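Letter by letter, the chains look like this.
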Amino acid sequence: MSTQKVIVIGINGHVGHHIAKAFVAAGWEVAGFGRSNKQPIAGVRFIRGDAEDVEAMRAAIGDTEVVVNALNLPYHQWDQGRMEAQNQRVITALGKSGKTLLFPGNIYNYAATDRTVMPQLKQRPQTPRGEIRVRVEALYEAAAKRGDIQAIILRAGDFYGPESSFDWFDLAMLREAKKGKFAMMGVPSVGHSWAYLPDVGRAFEKLAWHRKEFGAFENFHFAGNYVTPEQMAAAAVAAAPVKLKVGTFPRVLFNVVGLVDPLMRAVSKMSYLWENPMELKDARLDAILGPDFATPFDAAVAATVAPFFAAEKLAA
């Protein structure tokens, strides 16, 4: 049997990087497409190109059967049709090839009152960004229903993990790690959906491996880690090589900084995700992944926390 091939469009992003590593580890022939090779991965053939160039993407995809769209725009640049246009270019590059397209979804498609978020739940976005995500997924569903491609969406909570930056550990929770501080995000005792990036990558590989068992359009929900701020703090404190003082991150700062920073202004508008217990569940995906699939939560947090204290470990 010949080695299966996959290409990751947007290889430099957090999720694209970890997806590529997971496919390499599983024995696939992996290519990565991007403007630069910022984080080279052993076993990945890098293809330089711009995702705004449809022909460049089409050439890079070639005869590869599985395509991962890990592209993303800066958070505050999703509007004015830009996010839809970016994804439409990928669909155009795929043409009527029948190839499998894998796409990372998020929880924005659902309302604050949705407590158990399963694939069959009706999507009711309550923010402009949620409406954008619904429209993007509709593009893939339409292409799949036309028979042009197979589209598989894997929805997950907030990403975290090693080799990651500009996430909630970096921006808020361990922003003052050098001062021995950990800032809890969210509302006390209210659960929040998290997704450990290496596990997300492996889940994408599993879905790609089983793709011929699926329909033309599929929507899976990755349960990940549904934990309270206190549980996240306890795991981080246990993993840190120094004593951490635990406090609460003042999310009002996003509103204040947002007065002059469009990125923080965009972030502040999604505060409902921290204020409401929205848990992703999918029994079908759980069965595909198996009972021992996920990295234990404490180990996942420890791997994420470690780089913040690398200097302390060297000095020990």
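Residues numbered from 1 in each chain as written. Predicted model: local features only at pLDDT ≥ 70, side-chain atom pairs only at ≥ 80, totals over all residues. Heavy atoms only, no water.

A.B. asks: What should I look at first to understand the nonpolar core in this one?
C.D. replies: As a rule of thumb, nonpolar side chains are buried together in soluble globular proteins. Ile7, Tyr140, Trp168, Phe182, Trp194 and Met232 are the most contacted members of the largest nonpolar core, which totals 70 residues. Contact partners of methionine 232, with chain neighbours within four places excluded, come to Phe169, Met173, Phe182, Trp194, Val227, Phe297 and Val301. Among the nonpolar cores identified, the runner-up in size contains 32 residues, and Val6, Ile19, Val44 and Leu207 belong to it. (Core = buried A, V, L, I, M, F, W, Y, C linked by side-chain atoms within 4.5 Å. Buried < 20%, exposed > 50% of the residue type's maximum accessible area, 1.4 Å probe, protein only. Contact = heavy atoms within 4.5 Å.)

A.B. asks: Explanation requested: unusual backbone geometry in the structure shown.
C.D. replies: The phi angle of most residues is negative, glycine excepted, and most peptide bonds adopt the trans form. Of note in this structure, glutamine 80 is not a glycine but carries a positive phi near 60°. Within the secondary structure, glutamine 80 sits in the loop between β4 (66–69) and α3 (82–94). A positive phi angle, close to 55°, is found at glutamate 163, a residue other than glycine. (Helix = DSSP H or I, 4+ residues; strand = E, 2+ residues; numbered from the N terminus.)

A.B. asks: Sorry if this is basic, but what is going on with the packing of helix α2 (residues 54–61) against α3 here?
C.D. replies: Helices that pack against each other are described as a pair by the angle of their axes relative to one another and the distance between those axes. Where α2 meets α3, the closest approach of the two axes is 8 Å, and the angle between their N-to-C directions is 50°. The pairing of α2 with α3 is recorded here as oblique in orientation. Crossing of α2 over α3 shows right-handed handedness. From α2, Val54, Met57, Arg58 and Ile61 reach across to α3, where they touch Arg89, Val90, Thr92, Ala93 and Leu94. Split by residue class, the contact of α2 with α3 holds six nonpolar, one polar and two charged. (Axes fitted to C-alpha atoms, helices over the stretch in contact; angles between N-to-C directions. Parallel < 35°, antiparallel > 145°, perpendicular 65-115°, else oblique. Left-handed = near helix turned anticlockwise from the far one by under 90°. Nonpolar A, V, L, I, M, F, W, Y, C, P; charged D, E, K, R; others polar.)

A.B. asks: When you look at the sheet that holds strand β10 (residues 192–196) in this model, what are you seeing that I'm missing?
C.D. replies: By definition, the strands of a sheet pair up through backbone hydrogen bonds, in either a parallel or an antiparallel sense. Strand order across the open sheet formed by three strands is β8-β10-β12, with mixed pairing between neighbours. At either margin of the open sheet sits one strand with a lone partner, and together these are β8 (158–160) and β12 (225–227). Between one strand axis and the next, the sheet turns through 40° on average, direction left out of account. Taken together, the three bridges between β8 and β10 define a ladder with parallel strand orientation. Looking across to β10, one finds that tyrosine 160 is bridged to tyrosine 196. Here helix α6 (residues 197–209) sits on the sheet and contacts β8 and β10; the angle it forms with β10, its principal contact strand, is near 70°. Helix α12 (residues 297–305) rests against β8, β10 and β12 of the sheet, and its axis sits at about 70° to β8. (Pairing = 2+ DSSP bridges.)

A.B. asks: For this particular structure, what's the right way to read the pattern of salt bridges?
C.D. replies: Here the idea is simple: oppositely charged side chains can pair when their charged atoms come close. Taken as a whole and assessed by the stated rule, the structure comprises 14 salt bridges. Among the salt bridges present, the one from glutamate 141 reaches lysine 145, with a minimum N-O distance of 3.2 Å. Taken as a pair, glutamate 141 and lysine 145 lie in helix α4 (residues 128–145) at a separation of four residues, close to a single helical turn. A residue is classified by how much of its surface remains accessible, and lysine 145, at 66% relative accessible area, is exposed. (Salt bridge = Lys/Arg side-chain N within 4 Å of Asp/Glu carboxyl O.)

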